[in-house]
Amino acid sequence: MQIFKLPHIDYLRWKWPALAVSAAIIVAGLATIFTRGIPMGIEFAGGSAVVAAFEQDVSLDQVRDAVNRSFGGETVVHTFGDPGQHQVMIRVPQVGAETGAALSEVVDKVTAALQSAGLPKFDIAYSEAVGPAVGQQLRSQGFWAAVLALGGILLYITFRYQFSFAIGAIIATIHDLLITLSFLAFFQHDMTLNVIAALLTIAGYSSNDTIVIFDRVRENLRTTKREPLETVVNRSVNQTLSRTIITAGTTFLSVLALFLFGGEVLEGFAFTMLVGIVSGTYSTVFIAAAIAIILSGKQARGRPASTARPASGGRKAS
């Protein structure tokens, strides 16, 4: 489907500024991760989560002060769900034993703390507990799921394309994950199982977008053997631009609806996907293609003069 006439945009003239911007975001994100960290969700950190639904609006500071007096200042308090429902989530670290009795004890303690503070009337709408052993198991499983999925994707890319294109696609995929983790750290979204699922989805989405454009590059290289590789890549990106806009745009709008109306449970997943969709679309052109061209140029300059060929000349991208 063509939504506008074939454009003639020189995307790759901006490859160095784009690489610099990406590097700056990733460095700032890694610094934030090392200094502030990414909050671990209840699944990974272990502990208890209690949601209190108040009859009227209540100050988070009042709730925090009330529960901190009972739990030693280690609780996390934030709003939950629709603001009109006046719900507050209270997270208490490490409940100890992984039993229903331990959760009941925490709920009773939270209830007593809120009642003693003279806050508006409330009901306990939801409670959940994850013990330390379960949290450790989920962390391990989430880590290996991510490693194996990424390994499979990168292995497929490596065998599908020539070296420079494969390296470009691999770096673009890693770039998208680092950018997404950076924004999770910037906005302090919890690392949960939903977020892990979103990260794996982003890896597949980014790779798919890159493969579509690289396949078009490979087709154009077979019919335009004399043109510089940069010209071929720019033409290929322009030829697939309509498809990119339709795919990324519709996916972005769907995930945006989840972010706005999906509630607290899906907020982390939707936020991660929103960042990943934007980053994945951007990185296909300004990271994957740019790296492929830079490496192709180095390979051509590294050949002896008698055997050197133009970067685009007759070489297959497979």
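Values in this document were obtained by computation on a predicted structure and should not be read as measured data.

1. Quick notes on the pattern of salt bridges
Pairing of side chains with opposite charge becomes possible as their charged atoms draw close. All told, the structure shown has seven salt bridges when counted by the stated rule. One salt bridge connects Arg218 with Asp215, and the closest N-O pair in it is separated by 2.9 Å. On the criterion of helical spacing, the pair formed by Arg218 and Asp215 is a turn pair, its members being three residues apart in helix H7 (residues 193-223). Given a relative accessible area of 14%, Arg218 falls into the buried group. With its nearest N and O atoms 3.5 Å apart, the salt bridge here joins Glu219 to Arg216. Separated by three residues within a single helix, Glu219 and Arg216 lie in helix H7, roughly one turn from each other. With relative accessibility at 28%, the residue Arg216 sits in the partly exposed group.

2. Quick look at the packing of H7 against helix H8 (residues 229-239)
Packed helices, taken two at a time, are described by their axes: the angle between them and the distance between them. Here H7 crosses H8 at 125°, and the two axes come no closer than 9 Å. Of the possible angle classes, the one that applies to H7 and H8 is oblique. Relative to H8, H7 is oriented so that their crossing is right-handed. Touching Ile213, Arg216, Val217, Asn220 and Leu221 of H7 are Leu229, Val232, Val233, Arg235, Ser236, Val237 and Gln239, all from H8. Here the contact of H7 with H8 is composed, by residue class, of seven nonpolar, three polar and two charged.

About the cut-offs
- Residues numbered from 1 in each chain as written.
- Predicted model: local features only at pLDDT ≥ 70, side-chain atom pairs only at ≥ 80, totals over all residues.
- Heavy atoms only, no water.
- Salt bridge = Lys/Arg side-chain N within 4 Å of Asp/Glu carboxyl O.
- Helix = DSSP H or I, 4+ residues; strand = E, 2+ residues; numbered from the N terminus.
- Buried < 20%, exposed > 50% of the residue type's maximum accessible area, 1.4 Å probe, protein only.
- Axes fitted to C-alpha atoms, helices over the stretch in contact; angles between N-to-C directions.
- Parallel < 35°, antiparallel > 145°, perpendicular 65-115°, else oblique.
- Left-handed = near helix turned anticlockwise from the far one by under 90°.
- Contact = heavy atoms within 4.5 Å.
- Nonpolar A, V, L, I, M, F, W, Y, C, P; charged D, E, K, R; others polar.

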